[in-house]
Number of protein chains: 2
Amino acid sequence: MSILTENWEERLKEQGYRITKSRRTVLEVLEASPIRLTPEEIYRRARRRHRKLGLVTVYRTLALLEKLNLVQRVHTEAGCRSLTAVRLDKGHHHHLVCRTCGYVEEFPDCALGSVLRKLQARTGFAIESHHLEVVGRCPKCQ
Amino acid sequence: MSILTENWEERLKEQGYRITKSRRTVLEVLEASPIRLTPEEIYRRARRRHRKLGLVTVYRTLALLEKLNLVQRVHTEAGCRSLTAVRLDKGHHHHLVCRTCGYVEEFPDCALGSVLRKLQARTGFAIESHHLEVVGRCPKCQ
DNA sequence: CTATAACTGAAAATTTTTTTCAATAAGGAG
DNA sequence: CTCCTTATTGAAAAAAATTTTCAGTTATAG
C-alpha cells in the first residue's frame, strides 16, 4: 500500500465523503493490480469480494477517486478507458506502460522544465500542466 | 496546407485506397480548423460541404486518416475523442492544447532522449514510443 | 440510538462507436 | 469514353460505454 492510499479514508472524510465497502473494494482492486484495468475489469474483480456491487457504482467511485487523485486514467493509442492506482505521493509523475500486458510503472522525473519554459515564451501560452505517457514492453513481455 | 497533407492523395493511392469526396471533405475540415474537433463536430462541419455525408463515414474516414498519420487524436483529461490534422511532416512532435478553446499547436522538441534512456536502463523496459500533451491557455483565452 | 444526508443497485436512458448490407461510385482496362 | 471490378458509402440496427433516475439502504454526526 502506498503512502497515498494509506490515508485515503481521511482524504475522503475531509471532503465530506463516506467510507463505504464499494469504495474500499474498488480501491483495493486497483492497488492490487500491477496492470491497468477498465471499469468493467475492475467491476469483475471487485465483485469477487463484494457480491452486490453494481457497475454503476464502480463508475461513480472511479470518478470520485479520480477527482481525489487516488486513481488515474492511462492514455494509450489503443484507448483511454483503463485506470491505475496512484502509488507515489510525490505529486508530479508519469506512466511507463507495457503495450502488451498493460503493466504500469510510475516515474517522477521528466526534465521538461526548460522545454516548457521555452515553449511558453515562444507561443504565448500560459502552460498549466502536461501529461507524458511512455510506451514499451516490460521485461517479462519482451 | 501542410507538407503532409499536400500529398495525401498519393499516400492513399499508394496503399490502394480511393480518393473520395468524403475523405477529401473530412480532411479539409480538420485542416481548416485551428481547434480540435470531435467526430460529431467534424460531421456537422463537413456536411455543410457534402450534404449526403453520413456520420458512419466520418468515423471510418477518421480511422483511416489516423492509420495513415494524417490525423491524430488529442488526449486530455476531459476526454480523448477529438482529433486534429497533422501539420508538420517532421515525424516526431507533440501537442500544446488550449484548455479553454481547444486550439492545438504542434511542437517538435521534447528533449526526452536522455530521460528515456535512463528510464529504460532503470526499468528494463524496451521503450518504443512516448506521447506528451501540454495543456494551458492560449494567448486569446488568457 | 436516531436523524439525516450520502450512497447504492437496478433499470432505463443516453451517448458513442461499430457492424451489416444493399446501393453507389472510383478508377484501371480496354 | 465506357465497362467492369471492387472499394466505399449511407441508413438502420446493433453493440458498447457511460450517465441519469429513483426508491431503498447505510454511514456517521450528534
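The text that follows walks through the structure, step by step, so that each part is easy to find. (Residues numbered from 1 in each chain as written. Chains lettered and ligands numbered in written order. Predicted model: local features only at pLDDT ≥ 70, side-chain atom pairs only at ≥ 80, totals over all residues. Heavy atoms only, no water.)

## Focus on helix 4 (residues 39-47) of chain B
Residues and elements named next belong to chain B. When helix 4 is considered as a whole, its buried residues turn out to be P39, I42, Y43 and A46. In a view along the axis of helix 4, the buried residues occupy a sector of 100 degrees, so they form one face of it. Looking at the buried residues of helix 4, the elements they touch are helix 3 (21-32), helix 5 (55-67) and strand 2 (83-85). (Buried < 20%, exposed > 50% of the residue type's maximum accessible area, 1.4 Å probe, protein only. Helix = DSSP H or I, 4+ residues; strand = E, 2+ residues; numbered from the N terminus. Arc of directions from axis to C-beta. Contact = heavy atoms within 4.5 Å.)

## Concerning unusual backbone geometry
Residue and element names in this part refer to chain A. Notably, N69 is not glycine yet its phi reads approximately 65 degrees, a positive angle. A positive phi is found at A111, a non-glycine position, where the angle reads about 50 degrees. Within the element layout of this structure, A111 appears in the loop between strand 4 (104-107) and helix 6 (113-123).

## A closer look at the packing of helix 4 of chain B against helix 5 of chain B
When two helices pack together, their arrangement is captured by the angle between the axes and the distance separating the axes. Residues and elements named next belong to chain B. Interhelical geometry of helix 4 versus helix 5 gives an angle of 115 degrees and a closest axis separation of 9 Å. Relative to helix 5, the crossing made by helix 4 is right-handed. Between helix 4 and helix 5, the contacting residues are P39, E40, I42 and Y43 on the first element and L55, V58, Y59 and L62 on the second. Classifying every residue of the contact of helix 4 with helix 5 gives 7 nonpolar, no polar and 1 charged. (Axes fitted to C-alpha atoms, helices over the stretch in contact; angles between N-to-C directions. Left-handed = near helix turned anticlockwise from the far one by under 90°. Nonpolar A, V, L, I, M, F, W, Y, C, P; charged D, E, K, R; others polar.)

## A few points about the protein's contact with DNA strand C
Around DNA strand C sit 19 residues in total, of which T20, R23, T57 and R60 of chain A together with Y59 of chain B are the nearest. Between R18 of chain A and DNA strand C, the recorded distance is 2.8 Å, taken from a backbone N or O atom to a phosphate oxygen. Secondary-structure elements contributing two or more residues to the surface near DNA strand C are helix 3 (21-32) and helix 5 (55-67) of chain A together with helix 5 of chain B. Along the lines of polarity and charge, the residues of the surface near DNA strand C split into 7 nonpolar, 5 polar and 7 charged. (Near = heavy atom within 4 Å. Polar contact = N/O pair within 3.5 Å; in protein donor to acceptor, adjacent residues only side chain to side chain.)

## Topic: the pairing of strand 4 of chain A
Residue and element names in this part refer to chain A. A two-sided burial pattern is seen for strand 4, the buried positions comprising V104 and E106 on one face and E105 and F107 on the other. As judged from the 4 bridges shared by strand 3 (residues 94-98) and strand 4, these two strands associate in the antiparallel manner. From the neighbouring strand, L96 faces strand 4, where its bridge partner is E105. (Pairing = 2+ DSSP bridges.)

## A look at the protein's contact with DNA strand D
Taken together, 19 residues lie around DNA strand D, and Y59 of chain A together with T20, R23, T57 and R60 of chain B are the ones closest in. Here R18 of chain B contributes a backbone N or O atom positioned 2.9 Å from a phosphate oxygen of DNA strand D. A distance of 3.2 Å separates a phosphate oxygen of DNA strand D from a polar atom in the backbone of G54 of chain B. Put simply, the parts of the chain that give the surface near DNA strand D at least two residues each are helix 5 of chain A together with helix 3 and helix 5 of chain B. In the surface near DNA strand D, the residues fall into 6 nonpolar, 5 polar and 8 charged.

## Quick look at the relation of the copies chain B and chain A
At an RMSD of 0.1 Å, chain B and chain A line up after a rotation of 180 degrees and a shift of 0.0 Å along the axis. The transformation just described matches what one would write down for a two-fold rotation axis. Among all residues of chain B, the one whose C-alpha sits closest to the rotation axis is L132 of chain B, at a distance of 2.2 Å. When the interface residues of chain B are mapped onto chain A, 97% of them again fall at the interface, so both copies present the same face. (Least-squares fit on C-alpha atoms with pLDDT ≥ 70 in both.)

## As for the state of the cysteines
All names here are of chain A. For the coordinates displayed, the defined rule picks out 0 disulfides over all chains. Between C101, a free cysteine, and C141, which holds the nearest cysteine sulfur, the sulfur-to-sulfur gap is 3.7 Å. Classification of C101 as partly exposed rests on a relative accessible area of 30%. (Disulfide = S-S within 2.5 Å.)

## Remarks on the pattern of salt bridges
Taken as a whole and assessed by the stated rule, the structure comprises 14 salt bridges over all chains. Here R99 of chain B ties to E128 of chain A by a salt bridge, and the two come within 2.6 Å at their closest N and O atoms. With one member in each of two chains, R99 of chain B in the loop between strand 3 (94-98) and strand 4 (104-107) and E128 of chain A in strand 5 (residues 126-137) form a pair that bridges those chains. Counted as one network, the salt bridges with shared partners bring together R99 and R137 of chain A together with E128 of chain B. (Salt bridge = Lys/Arg side-chain N within 4 Å of Asp/Glu carboxyl O.)

## What about the side chain of S22 of chain A?
All names here are of chain A. If you trace the backbone, S22 turns up in helix 3. Residue class for S22 comes out buried when judged on its relative accessible area of 14%. Sequence-distant contacts of S22, that is, excluding residues within four places in its chain, are made with H50, L53 and T57.

## Regarding the interface of chain B and chain A
In this complex, chain B contributes 37 residues to the contact, which on the side of chain A involves 36 residues. Both faces considered, chain B and chain A share a buried interface measuring about 3,000 Å² in area, 63% of it formed by carbon and sulfur atoms. Looking at the side of chain B facing chain A, the largest losses of area belong to L96, F125 and E128 of chain B, adding up to 19% of the total buried there. Put simply, chain B and chain A have 6 salt bridges between them. Our count for the contact surface shared by chain B and chain A stands at 12 residue pairs in polar contact (both at pLDDT 80 or more). Of all the secondary-structure elements, those providing two or more residues to the side of chain B that touches chain A are strand 3, strand 4, helix 6 (113-123) and strand 5 (126-137) of chain B. Considering every element that reaches the side of chain B that touches chain A, the biggest residue donor is strand 5 of chain B, with 12 residues. Taken together, the residues of the side of chain B that touches chain A sort by class into 20 nonpolar, 9 polar and 8 charged. With 11 bridges connecting them, strand 5 of chain A and strand 5 of chain B associate as antiparallel partners. (Buried area = accessible area lost by both parts, 1.4 Å probe.)

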